[in-house]
Amino acid sequence: MPTPFNQSVIEEFRAHGGKVGGPFEGSELLLLTTTGARSGKEHTTPLGFVRDGGLILLVGSNMGAPRHPDWYHNILAHPTVTVELGTDTFEAIAVPAEGERRDRLFERVVAAEPGYGDYRTRTSRTLPVVVLERPAHEADIPEEAANLADKMVQVHLWLRGQLMHVRDETEAYFEALAAHRGPGAPPAPGLGLQIRQHCLAFCDALEFHHTSEDAHLFPAMAHHHPELRETFDRLAEEHRAVARIQGELAALLADVHGTDPERFRAELARMTAELTRHLDYEEASLLPLLAELPWPPGPPTGEGERRH
């Protein structure tokens, strides 16, 4: 639960389209909703931020306290966050900057908001700089869903885009290593946390999607479409296989710094192909049926709706 002070700020923010008075009057705030690292519950925190070009930057200052703020620990466990900015609400991936990029971004933050420089002097820890990323592929995902088929397409487009994002980031990592010249060890490209966060976001979303299908959607549809029971059995079996692939993908990305690039590329391509085949089969099997079901689902009002 937010502190009473934070709760009052949250309520004022939402009541006035992102405007807050008192000590924050004239400052830009956003609301960051994270998933608790240990509790799994949602937590909303009002935070100041700095714009740097098209980037939105947060600093885990905790006002110079010796520990990182709770929201920072949450985003390391669950990178997908909800952001309320003015009257706009959107999902983003929270990615801590690393190395030289972190230092460069922090100096830009201090130039815009000198108070963060004061916080830096109060603690021996390095203040994290977190970039709220909205992957480019999300621009191609329809915002509205009229039925469950549309909703499945939205989710699958996001999952496919995240897979491409992970591939592109690992390629950038290997290109940076290959471009290194001169004595000494090659410099770290600084993509380790970025790759990790996008992988975690993908795995979290896929697990939630499949858990919802296995627990609710598939049993209900199998009851009303017994002729498709074999299809649902196959999808449930594929979900177990996908869970295995998720574990393999996480292990592969965790060892990206020490792996052979060609072996890594081959393994990532294999996993991507398996995951994509599953999404393709799910769409071919279910989209025609899901197109008959409204989104968001409403309470049944008659026998016809109960049959769905």
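Coordinates for the structure precede this section.
Enquirer: Before we move on, can you summarise the side chain of Ser285 with the specific residues and values?
Expert: Inspection of the secondary structure puts Ser285 in helix α8 (residues 261-290). Residue classification places Ser285 among the buried residues on the basis of a relative accessible area of 18%. A distance of 2.8 Å separates the side chain of Ser285 from the backbone oxygen of Tyr281, its partner in a polar contact.

Enquirer: Outline the packing of helix α5 (residues 148-178) against α8, listing residues and values.
Expert: Between α5 and α8, the shortest axis-to-axis distance is 10 Å and the interhelical angle comes to 175°. Between α5 and α8, the interaxial angle falls into the category roughly antiparallel. Looking at the contact of α5 with α8, its residues break down into 15 nonpolar, 4 polar and 7 charged.

Enquirer: Quick rundown of the pairing of strand β6 (residues 88-96)? Include the residues and the values.
Expert: In this structure, strand β5 (residues 80-85) lies alongside β6, joined through 6 bridges in antiparallel fashion. Bridge pairing links Thr82 to Glu91 in β6. If you look at the hairpin formed by β5 and β6, you'll find 2 residues sitting between the two strands, and Gly86 has a positive phi there, around 60°. As defined by bridge partners, β6 adjoins strand β7 (residues 129-133) across 4 bridges and the pair is classed as antiparallel. When the sheet's bridge partners are listed, Ala94 is paired in β7 with Leu132.

Enquirer: Provide a residue-level description of the nonpolar core, including the pertinent values.
Expert: Ranked by internal contacts, the top residues of the largest apolar core, which has 26 residues, are Phe202, Leu249, Leu253, Phe264 and Leu275. Elements represented by at least two residues in this core include exactly β6, α5, α6 (192-224), α7 (229-254) and α8. Sequence-distant contacts of Leu275, that is, excluding residues within four places in its chain, are made with Leu163, Phe202, Leu206, Val242 and Ile245. Counting residues in each nonpolar core, the second largest holds 17 residues, with Leu30, Leu58, Ile75 and Leu85 among its members.

Enquirer: Please provide a residue-by-residue account of the packing of α7 against α8, values included.
Expert: Packed helix pairs are characterised by how far apart their axes lie and by the angle those axes make with each other. Taken N-terminus to C-terminus, the directions of α7 and α8 make an angle of 155°; their axes are 10 Å apart at the nearest point. Relative to α8, α7 is oriented roughly antiparallel. Helix-helix and strand crossings are classified by hand; for α7 and α8 the assignment is left-handed. Of the residues in the contact of α7 with α8, the class split is 13 nonpolar, 4 polar and 9 charged.

Enquirer: An account of helix α2 (residues 70-77) is needed here, citing residue identities and associated values.
Expert: Residues of α2 that are buried: Trp71, Tyr72, Asn74 and Ile75. Considered in projection along α2, the buried side chains sweep an arc of 160° and stay on one side of the axis.

Here is what the cut-offs are and how they apply
Residue numbers restart at each chain and count upward from 1, following the sequence in its written direction. The predicted nature of this model means local features are confined to residues of pLDDT at least 70 and side-chain atom pairs, given and counted, to a pLDDT of 80 or more, with totals for whole chains, interfaces and linings taken over all residues. Excluded from the side-chain calculations are hydrogens and water; all other atoms, namely the structure's heavy atoms, are used. Per the convention used, a helix needs a DSSP run of H or I reaching at least four residues, while a strand needs a run of E reaching at least two, with both numbered from the N terminus. Relative accessible area decides the class of each residue, using a 1.4 Å probe on protein chains only: under 20% of the type maximum gives buried, over 50% gives exposed, and in between gives partly exposed. Within 3.5 Å is the distance limit for a polar contact, defined as a pair of N or O atoms, with the added protein rule that one can donate a hydrogen and the other accept it, and that residues adjacent in sequence qualify only through two side-chain atoms. Angles here are taken between N-to-C directions and fall from 0 to 180 degrees, while the axes themselves are lines fitted to C-alpha atoms, restricted in helices to the stretch in contact. Should an angle fall under 35 degrees it is taken as roughly parallel, and over 145 as roughly antiparallel, whereas 65 to 115 is taken as roughly perpendicular and any remaining angle as oblique. Classification used: nonpolar for Ala, Val, Leu, Ile, Met, Phe, Trp, Tyr, Cys and Pro, charged for Asp, Glu, Lys and Arg, polar for all others including Gly. By definition, two strands form a pair when at least two bridges between them are found by DSSP. Residues enter a nonpolar core if they are buried and are Ala, Val, Leu, Ile, Met, Phe, Trp, Tyr or Cys, with the set joined through side-chain atoms within 4.5 Å. A contact between two residues is defined here by any heavy atoms of the two lying within 4.5 Å. Handedness of each helix crossing follows the sense of rotation of the near helix against the far helix: counterclockwise by less than a right angle gives left-handed, clockwise gives right-handed. Of all possible arcs, the one meant is that of the directions from the helix axis to the C-beta atoms.

Read these as geometric descriptors, not functional statements.
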